Amino acid sequence: MADVVTPWPHELFADIDRTGPVPLYFQVSTRLQSAIQSGAIPAGARLENEVSIAEQLGLSRPTIRRAIQELVDKGLLVRRRGIGTQVVQGSVTRQVELTSLYEDLQSANHEPGTQVLTHEIIPATDEVALALGLEPGTEVLHLRRRRSTDGVAVAVLENYLPRELADISTEQLESRGLYQVLRARGVAIRIAKQKIGARRAEDDEPELLEIEAGGPVLTMERISFDQSGAAIEFGHHCYRPDLYSFETTLVAK
């Protein structure tokens with residue numbers, strides 16, 4: 001999506017009732033939400049700053065700030081450091097299933113994007129070796145990617161794969177999800193062990209996810225097995241909690 005400032009749609013606010021019982025911030029918030037959900041203000045667009053909007057509408061800055069915060073809390077807007085307020089068209093809710101984030105974003109009508117941060121062959125640490133059923137020090141493919149939705153960073157994905165998959169290219173990973181790439185090679189993921197948690201953002205994660213230093217992130221660790229029962233992928237990922245959530249269905253015995 002184009003990362004440009006979108007002119008404020010004055011016509012949406014022409015009928016604001018300044019004397020009635022409905023709070024002004026709520027009127028601004030609901031009109032702005034309708035514009036986002038209808039596509040009048042597209043995903044990826046940046047809004048003007050609060051001072052400019054307040055002056056144009058003849059309202060106070062606290063009123064505009066609260067209206068925008070309402071939509072930030074709903075996951076329709078996100079505040080990005082050094083950029084401003086941006087439309088994200090709703091947060092991503094992911095079913096806990098054997099799918100990739102790339103596929104989940106596509107199925108939810110979001111536009112996924114990928115930046116490959118690391119693509120290298122390294123010796124497996126004890127943790128990686130145990131997960132993949134290898135001897136420590138065995139060469140593995142190490143991948144680290146930043147995944148975005150509608151132009152906004154939502155996750156940092158780190159994966160380790162057996163050495164025989166080292167010819168997976170950066171170009172493939174930028175245009176498709178990892179599981180799509182694996183399926184194209186005849187590798188079918190049949191079962192996985194997964195753990196979901198939370199922690200504080202570490203190292204360069206705040207910069208990559210455009211969040212405050214030490215802010216909370218959701219985490220997911222997964223070991224996936226192919227049709228032969230061999231471990232084919234070990235990943236540990238982190239996600240922005242204001243833009244992303246996991247969902248599962250529970251059934252009583």
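See the structure printed just above.
Residues numbered from 1 in each chain as written. Predicted model: local features only at pLDDT ≥ 70, side-chain atom pairs only at ≥ 80, totals over all residues. Heavy atoms only, no water.

Caption draft 1: Highlighting the nonpolar core. Val28, Leu32, Ile36, Ile41, Ile64 and Leu77 are the most contacted members of the largest nonpolar core, which has 22 residues in total. Those elements that place two or more of their residues in this core are α1 (24-38), α2 (50-57) and α3 (61-73). Counting 14 residues, the second largest nonpolar core, distinct from the first, contains Val116, Leu143, Leu161 and Leu182. (Core = buried A, V, L, I, M, F, W, Y, C linked by side-chain atoms within 4.5 Å. Buried < 20%, exposed > 50% of the residue type's maximum accessible area, 1.4 Å probe, protein only. Helix = DSSP H or I, 4+ residues; strand = E, 2+ residues; numbered from the N terminus.)

Caption draft 2: Highlighting the pairing of strand β6 (residues 152-162). With eleven of its eleven residues buried, β6 lies for the most part within the structure. As judged from the ten bridges shared by strand β5 (residues 139-149) and β6, these two strands associate in the antiparallel manner. Paired with threonine 149 across the two strands is valine 152, which belongs to β6. The antiparallel hairpin formed by β5 and β6 contains two residues in its connecting segment, where aspartate 150 sits at a positive phi of about 55 degrees. (Pairing = 2+ DSSP bridges.)

Caption draft 3: Quick look at the side chain of glutamine 33. Note on placement: glutamine 33 falls in helix α1. Given the relative accessible area of 17%, glutamine 33 is considered buried. Each residue touching glutamine 33, except ones within four places of it in the same chain, is listed here: Leu71, Lys74 and Leu76. (Contact = heavy atoms within 4.5 Å.)

Caption draft 4: Inspection of the sheet that holds strand β7 (residues 189-200) at higher detail. Taken together, the six strands give an open sheet; going across it, the order is β4-β5-β6-β9-β8-β7, and neighbouring strands pair in antiparallel fashion. Looking along the sheet, the strands with just one partner apiece sit at the ends: β4 (112-123) and β7. Each strand of the sheet is rotated relative to its neighbour by a mean of 15 degrees, with strand direction disregarded. One ladder, built from six bridges, connects β6 with strand β9 (residues 231-239); its direction is antiparallel. Across the sheet, glutamate 158 pairs through a bridge with histidine 236, a residue of β9. (Axes fitted to C-alpha atoms, helices over the stretch in contact; angles between N-to-C directions.)

Caption draft 5: Region of interest: the side chain of arginine 144. In this structure, arginine 144 sits in strand β5. On the basis of relative accessibility, which here comes to 14%, the residue arginine 144 falls in the buried class. Those residues in contact with arginine 144 that lie beyond four places of it in its chain are Gln115, Val116, Leu117, Thr118, Val156, Leu157, Glu158, Asp204, Glu205 and Leu208.

Caption draft 6: Representation of the packing of α2 against α3. Running from N to C, α2 and α3 point in directions that differ by 115 degrees, and their axes come no closer than 9 Å. The element α2 and its partner α3 pack so that their crossing is right-handed. In this structure, α2 uses Glu50, Val51, Ile53, Ala54 and Leu57 to contact α3, whose residues at the interface are Arg61, Ile64, Arg65 and Ile68. Of the residues in the contact of α2 with α3, the class split is six nonpolar, no polar and three charged. (Left-handed = near helix turned anticlockwise from the far one by under 90°. Nonpolar A, V, L, I, M, F, W, Y, C, P; charged D, E, K, R; others polar.)

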